[in-house]
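Structure assessment
Now for the letters of each chain:
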Amino acid sequence: MNIVSIGGGPAGLFFGILMKRADPAHRVRVIERNRPNDTFGWGVVFSDETLGNIADADPPTTDAITRAFAHWDDIDIHYGGAVVTSTGHGFSGMSRVRLLNILQARAAELGVELEYEREVADLTGFRDADLILAADGVNSRLRETYAAAFEPEIDFRPNRFIWLGSTLKLAAFTFVFKADAHGLWRVHAYQFDDQHSTFIVETTDQTWRKAGLDRADEDQTIAFCERLFADELKGHRLLKNKPVWRSFPIVRCGHWWHDNIVLMGDAAHTAHFSIGSGTKLAMEDSIALAQALGRHRAVPDALAAYEAERRPQVESTQRAAQTSLQWFEETERYFGTLEPIQFAMSLLTRSLRITHENLKRRDPGFVARVDRWFAGKAANQSGVNVAAEPPPPPMFTPFRLRELVLPNRVVVSPMCQYSADDGMPNDWHLVHLGSRAIGGAGLIMTEMTDIAREARITPGCAGLYKPEHAAAWRRITDFVHANSPAKIGVQLAHAGRKGSTRLLWEGIDEPLETGNWPLIAPSPLPYLAHGQVPKAMDRADMDRVRDDFVRAAGYAQTAGFDLIELHFAHGYLLSSFLSPLSNRRTDAYGGDLTGRARFPLEVFDAVRAAWPQTKPISVRISATDWAPGGFDGDDAVALARLLKAHGCDIVDVSTGQTTTEAKPVYGRLYQTPYADRVRHEAAIATMTVGNIASYADVNSILAAGRADLCVLARAHLYDPYWTRHAATAQGYALPWPNQYVSVAGYQPRFT
Ligand SMILES: Cc1cc2nc3c(=O)[nH]c(=O)nc-3n(C[C@H](O)[C@H](O)[C@H](O)COP(=O)(O)OP(=O)(O)OC[C@H]3O[C@@H](n4cnc5c(N)ncnc54)[C@H](O)[C@@H]3O)c2cc1C
Ligand SMILES: Cc1cc2nc3c(=O)[nH]c(=O)nc-3n(C[C@H](O)[C@H](O)[C@H](O)COP(=O)(O)O)c2cc1C
């Protein structure tokens, strides 16, 4: 094959090496505009895992890289005068020039033709090539030339960073968080050879401008940073290598190949430097493309196979990088609020790649410190004595809301069962909720329980609008209280414009075929285009609904519930007041958030007044509509502040289901960032829900302070004993009910 690489960075060089290894008859040319020793920046970092991936592809390259490495296991986090250290992370750093020199030498040895100091403006002159690599880096000219085919999207992130060097020797990967009069500064630093460290300084655009760095030249920038980090630099200087303050561009492309041109490395995709994966991705691209060419005779087939293999892996890394970079964009939220150990936990688990469980394997001592600290906090907060040695996993610590003390942090999410008749709970509900209480969760929530007959979503929805309902619920709460340490809450709701629809398994949100009841909503807008048009509520409707909520709260007390959750989420009545997409009112109950929240808060206040002061109220919200012009994160924080001022104890942070226009971005823990934000910015306790996959996630969320309680829905449908099984897996002794003590010592096996 006749191959040309435009760009002699890690992607182009390593691909050349691999192709010549596969068949010395290939002609491979690498065209590079710079000289061999020119490079921007200083060092690159690889995790041990990355090195494993490239080791098999070309052992001589790996050997040379390994010899050039500075290796470390520790991460030091400088925060508020303290240094928190975590070990076991296994990273290596090396100079970028050295890496390029190794790749250049190996490529030359194998017969790759290297042409330096030639800038390629277009592809005239390369038409004879069978394959052209667009390995020309983040600002790829080829990608832009063929933009119509590659469909690039470039998202320039708001933070500013500069890549500096230093003669400071660092024993650990070092993060520094330091505030001055202008704002908060972050440093990402690591040693990459005997004498040098990379020293990346990052801050928000606002802080950068306030410090006057938008007008500073290189020397002024260096002088500023040397002054700011004088303590950390211990007398060492900062070094420059054509440094400029930049905004990180996230590159994504709709297509990675066009005719015989293929994008690789930074030209195709970038991943923020805070997860140190750019070089790894570039080299893994080379491996995948070389292998695809070995498997497929026709170039287009190989390019398609390369993209099919690499795209999901790259996108997964980009998702991790996205949560990581957002953490660094939002560090002001945590700085000064979190204690050093929790700040460290929040930093280390930011990309979701590292969990409490991974850390336990890497650094059991650090996790024991975290758990001990967390247990101490939980003991203070709840007034319950928590065993200090060994400390329990964070999920098995108590949590207090007013006089209610939950035995642990796992919550069974409200889940409609569509099995009631005229709102009446029955044996299904007893067994469903009862078995989940035996299953070990600390708080069991009923399904959405409606405050009036016409407030139901479907004819099968549960209710709390008749004295008989209160008695039937009492049987369930009595069972839970008598047979488990779990507490039980009721989610009170009015379906609003999403009412009068079919059971889940007969067509969710679809209007009933017969027997519909009239709907009410803030504005006369149907949920589905072909759905029933609701009546816009007048004051009398509001009074009636408010009073129905109050009546339900009274029944909830008779029924023996420990907590009320008001349903302000998922597009039901109170949620539809909050969203500007469903509330188009022009009176005092519409308009800005204060207006839109007015009626939901009237309901809240009335219920709060009717519900015993010793018992807590939670509110579930949809923190975003996932739709343009809709309710979003800022509104969620503002609403949470209002709720707190009105006496709400905890916000259960969900999202969406408010409009059919929504475009949610699903993924693991996809709603947790909203709970985290509300918790820190509104200073109120939060529950997080949504794709919480494992007990490792639960412990990570809690220990990092992203939420106070973790709510699991489908996991509990699948496994009513989810919490018990999580305890067993962690070696934590969660007492079994007497009837089941024979299980002690029993080893379950599924294979
Ligand atoms: C601040 C910062 C820190 C980073 N830290 C790390 C880290 O710790 N670990 C890590 O793995 N990655 C890190 N990266 C990312 C890493 O540098 C890149 O992801 C990696 O170099 C990508 O390799 P590449 O071959 O795709 O592109 P590049 O390394 O950018 O190579 C592209 C080459 O193409 C050449 N070129 C461009 N246009 C032309 C043209 N028209 N004609 C001829 N030649 C051309 C360029 O001169 C360049 O040499 C960091 C990036 C930044 C910005
Ligand atoms: C069958 C089912 C019924 C649900 N009913 C309710 C409900 O009554 N009230 C509510 O707020 N959310 C309800 N939800 C949403 C869940 O409480 C939860 O927010 C969602 O399933 C995401 O959590 P998960 O990823 O752990 O399943 C329901 C979810 C399911 C699967």
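Remember, predicted model here, so these are calculated numbers, not experimental data.

**So, the sheet that holds strand S1 (residues 2-6)**
Sheet architecture is open: 6 strands sit in the order S8-S2-S1-S9-S18-S17, paired in mixed fashion. Either end of the sheet is taken by a strand with one partner, and the two such strands are strand S8 (113-115) and strand S17 (257-258). Note: strand S2 (residues 27-31) against S8, 3 bridges, orientation parallel. Note on S8: the bridge partner recorded for Val30 is Leu114.

**Side note on the nonpolar core**
Counting residues in hydrophobic clusters, the biggest one holds 122 residues, and the most contacted among them are Ile77, Phe177, Phe366, Leu464, Leu566, Phe599 and Leu643. Discounting residues that sit within four places of it in the chain, Leu464 has contacts with Thr449, Asp450, Ile451, His469, Ala470, Trp473, Val490, Leu492, Ala552, Tyr555, Ala556 and Phe561. In terms of nonpolar packing, the next biggest core, distinct from the first, is built from 67 residues, Ala11, Val28, Val30 and Val299 among them.

**Brief notes about a nonpolar patch on the surface**
On the surface, Leu504, Trp505 and Ile508 cluster together into a nonpolar patch covering about 340 Å² of accessible area. Here Leu504 is to be found in helix H17 (residues 504-507).

**Examining the site of ligand 2**
Around ligand 2, the surrounding shell holds 16 residues, and the nearest of these are Ser413, Pro414, Gln491, Asn691 and Arg714. Asn691 is positioned such that a nitrogen or oxygen atom in its backbone is 2.7 Å from an oxygen atom of ligand 2. Contact with the protein chains covers 84% of the free accessible surface of ligand 2, which is 600 Å². When grouped by side-chain class, the residues that make up the shell around ligand 2 number 7 nonpolar, 6 polar and 3 charged.

**Side note on the state of the cysteines**
Here the structure, examined in full by the defined rule, presents 0 disulfides. The structure places no disulfide on Cys648, whose sulfur is separated from the nearest cysteine sulfur, that of Cys710, by 17 Å.

**Some words on the site of ligand 1**
Around ligand 1, the structure places 33 residues, and the nearest of them are Glu32, Val45, Arg96, Asp266 and Thr279. Between ligand 1 and the protein, one listed contact pairs an oxygen atom with a side-chain N or O atom of Tyr190 at 3.2 Å. Where the shell around ligand 1 is concerned, the elements lending two or more residues are helix H1 (10-22), strand S3 (43-47), strand S11 (160-166) and helix H10 (278-295). For the shell around ligand 1, the class distribution of residues is 14 nonpolar, 10 polar and 9 charged.

What counts, and at which threshold
- Residues numbered from 1 in each chain as written.
- Chains lettered and ligands numbered in written order.
- Predicted model: local features only at pLDDT ≥ 70, side-chain atom pairs only at ≥ 80, totals over all residues.
- Heavy atoms only, no water.
- Pairing = 2+ DSSP bridges.
- Helix = DSSP H or I, 4+ residues; strand = E, 2+ residues; numbered from the N terminus.
- Core = buried A, V, L, I, M, F, W, Y, C linked by side-chain atoms within 4.5 Å.
- Buried < 20%, exposed > 50% of the residue type's maximum accessible area, 1.4 Å probe, protein only.
- Contact = heavy atoms within 4.5 Å.
- Patch = residues over 30% accessible without salt bridge, like charges linked within 9 Å, V, L, I, M, F, W, Y side chains within 5 Å.
- Areas by Shrake-Rupley, 256 points an atom, 1.4 Å probe, with all protein chains shown as cover.
- Salt bridge = Lys/Arg side-chain N within 4 Å of Asp/Glu carboxyl O.
- Near = heavy atom within 4 Å.
- Polar contact = N/O pair within 3.5 Å; in protein donor to acceptor, adjacent residues only side chain to side chain.
- Nonpolar A, V, L, I, M, F, W, Y, C, P; charged D, E, K, R; others polar.
- Disulfide = S-S within 2.5 Å.

Remember, this is a structural readout, not a statement about activity or role.
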